[in-house]
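# Per-entry structural report
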Amino acid sequence: MEMDASVRLSSEEEQAYRDVAEGRPVTASDALDRLRRLGLVRDIGGTVVALDPRMTAQHLLTGYHGQLARTLQLMSQVAQVEALSRHYDPQRAYGGPASEFVHSRQLMNERIGHALLDAQEGLLTVQPGVPSERNPEVLQEAIVRARALLERGVMVRSLYPAAALTHAATMEYVDCVIEGGGEVRVGRDLPPRMVLAGRDLFVENHVVPAEVDSGWHIKDVAGAAFARSVFEGYWARATPWQEARAALADAVTTPRQRMILRGLGEGDTQAVVAKQLDVSGREVGRELESLRDELGLKSTNQLMVWWATSRDREVP
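These remarks concern the structure in this document. Since the structure is predicted, the reported quantities are computational estimates derived from the model, not experimental observations.

## A look at the nonpolar core
Counting 34 residues, the largest nonpolar core has Tyr 173 and Trp 241 as the members making the most contacts within it. Elements with a minimum of two residues in this core: helix H6 (105–115), helix H7 (136–151), strand S5 (156–160), helix H8 (168–179), strand S6 (183–186), strand S7 (194–197) and helix H10 (241–247). Top element by residues in this core is H7. It accounts for 6 residues. Apart from the residues lying within four places of it in its own chain, the contact partners of Trp 241 are Tyr 160, Ala 164, Leu 165, Thr 170, Met 171, Val 174, Ile 178, Val 184, Arg 185 and Val 186.

So this is what it looks like as structure tokens:
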């Protein structure tokens, strides 16, 4: 049976099969020879007989499935070849392949997963801003990925803002990471979102108009090394997650309220703070109003005077 790249039949071949199936006499031809190779007709006792095309189709599908399985197995081994770049790049003056725009969250996650298949340098992530609700499937995928890395003995470190300390989905992820031997810290004024997956850098899209979850895959050696250095600087100044959680017990303010107050204390307007936290201006106003009511204060100015001497300033 023929296993060509294509099994498409020409009009002559289809007509030849129809003639055989309907019992009309046929003469030798290229079309008839191809039908024999495909397993659609057979010579029996000097007569060309049509075979059930459904059986032929099943045999062809079985063969192509086998080819596909072998191809996928070979594709899975390509990462090992690509990983040799860690020995090649340091000896060269160039920085590595160009950056590539990745237009969706799904593709970003797939790229990150591929980069981590043979990564030895670890997974480093920065997640600034107020955490948003995460798709349960995406959350579980992140947990499975982190666990797999930790079981291989690969480092996993994540930086979050204080607002993540009471965010349910983030807490679930962090608990799994810490339980598996990873590290999580809470920092202030974090840089834009980025993921260092092995020696590859993934960052948010700051270049072209596109959907919210698009980004860039950067394989440049120098660029990724610089990002790693930036991460280490913020990491050194951040508070371990467990310590930050313990400090919440006596705090009057919520993590989000502290982020707002710190921004206002640095001279930013409510609109600027809202943009930094990726929330609406109304949400910032509601947080401030809620805190004023709790403290019995009448204005934001009074609230800022209270904040200037509050112990909550020391809480992450």
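Moving on from the coordinates now.
## Brief notes about the pattern of salt bridges
Side chains that differ in charge, positive against negative, can pair when their charged atoms come close. All chains considered together, the criterion is met by 17 salt bridges. Residue Glu 141 is joined to Arg 145 by a salt bridge in which the shortest nitrogen-to-oxygen separation is 3.3 Å. Of this pair, Glu 141 and Arg 145 are both found in helix H7, 4 residues apart, which corresponds to roughly one turn of the helix. Across the pair Glu 204 and Arg 193 runs a salt bridge whose closest N-O atoms are separated by 2.6 Å. Of this pair, Glu 204 sits in strand S8 (residues 200–204) while Arg 193 sits in the loop between S6 and S7; the two residues are 11 residues apart in sequence, bridging distant segments of the chain. Under the relative-accessibility criterion, Glu 204 is labelled partly exposed at 25%. The class for Arg 193 is partly exposed, based on a relative accessible area of 33%. Connected via shared salt-bridge partners are Arg 18, Asp 19, Glu 22 and Arg 24.

## Here's the deal with the sheet that holds S5
The mixed open sheet is built from 8 strands, whose spatial order is S3-S9-S8-S7-S4-S5-S6-S10. The open sheet has two edge strands, strand S3 (100–102) and strand S10 (239–240), and neither has a second partner. As defined by bridge partners, strand S4 (residues 123–126) adjoins S5 across 4 bridges and the pair is classed as parallel. Along S5, the bridge assignment pairs Thr 125 with Ser 158.

## Notes on the packing of helix H11 (residues 255–265) against helix H14 (residues 300–308)
Packing of H11 against H14 brings their axes to within 11 Å, and their N-to-C directions diverge by 95°. The orientation of H11 relative to H14 falls into the category roughly perpendicular. Listed contacts from H14 to Arg 258, Leu 261, Arg 262, Leu 264 and Gly 265 of H11 are Thr 300, Leu 303, Met 304, Trp 306 and Trp 307. Among the residues forming the contact of H11 with H14, the class breakdown is 6 nonpolar, 2 polar and 2 charged.

## Quick notes on the packing of aromatic side chains
To describe a pair of aromatic rings, you give the distance between the ring centres and the angle between the ring planes. A complete count under the given rule lists 3 aromatic pairs for this structure. Relative to Trp 241, the ring of Tyr 160 has its centre 6.2 Å away and its plane inclined at 70°; by these criteria the two rings are edge-to-face. Note that Tyr 160 is positioned in strand S5 and Trp 241 in helix H10, a separation of 81 residues in sequence. Residue Tyr 160 shares its accessibility class with Trp 241, and that shared class is buried. One residue, Arg 237, lies across the ring of Tyr 234, its end atom 4.9 Å from the ring centre.

## What to know about the environment of Glu 121
With respect to the secondary-structure elements, Glu 121 resides in the loop between H6 and S4. Along the primary structure Glu 121 and Gly 63 are separated by 58 residues, whereas in three dimensions their C-alpha atoms are 40 Å apart. Beyond its immediate sequence surroundings of up to four residues, Glu 121 is in contact with Arg 86, Met 155, Gly 198, Arg 199 and Arg 228.

Reading the values: rules and limits
Residues numbered from 1 in each chain as written. Predicted model: local features only at pLDDT ≥ 70, side-chain atom pairs only at ≥ 80, totals over all residues. Heavy atoms only, no water. Core = buried A, V, L, I, M, F, W, Y, C linked by side-chain atoms within 4.5 Å. Buried < 20%, exposed > 50% of the residue type's maximum accessible area, 1.4 Å probe, protein only. Helix = DSSP H or I, 4+ residues; strand = E, 2+ residues; numbered from the N terminus. Contact = heavy atoms within 4.5 Å. Salt bridge = Lys/Arg side-chain N within 4 Å of Asp/Glu carboxyl O. Pairing = 2+ DSSP bridges. Axes fitted to C-alpha atoms, helices over the stretch in contact; angles between N-to-C directions. Parallel < 35°, antiparallel > 145°, perpendicular 65-115°, else oblique. Nonpolar A, V, L, I, M, F, W, Y, C, P; charged D, E, K, R; others polar. Phe/Tyr/Trp six-rings, centres within 6.5 Å; stacked < 30°, edge-to-face > 60°. Lys NZ or Arg CZ within 6 Å of the ring centre and 35° of its normal.

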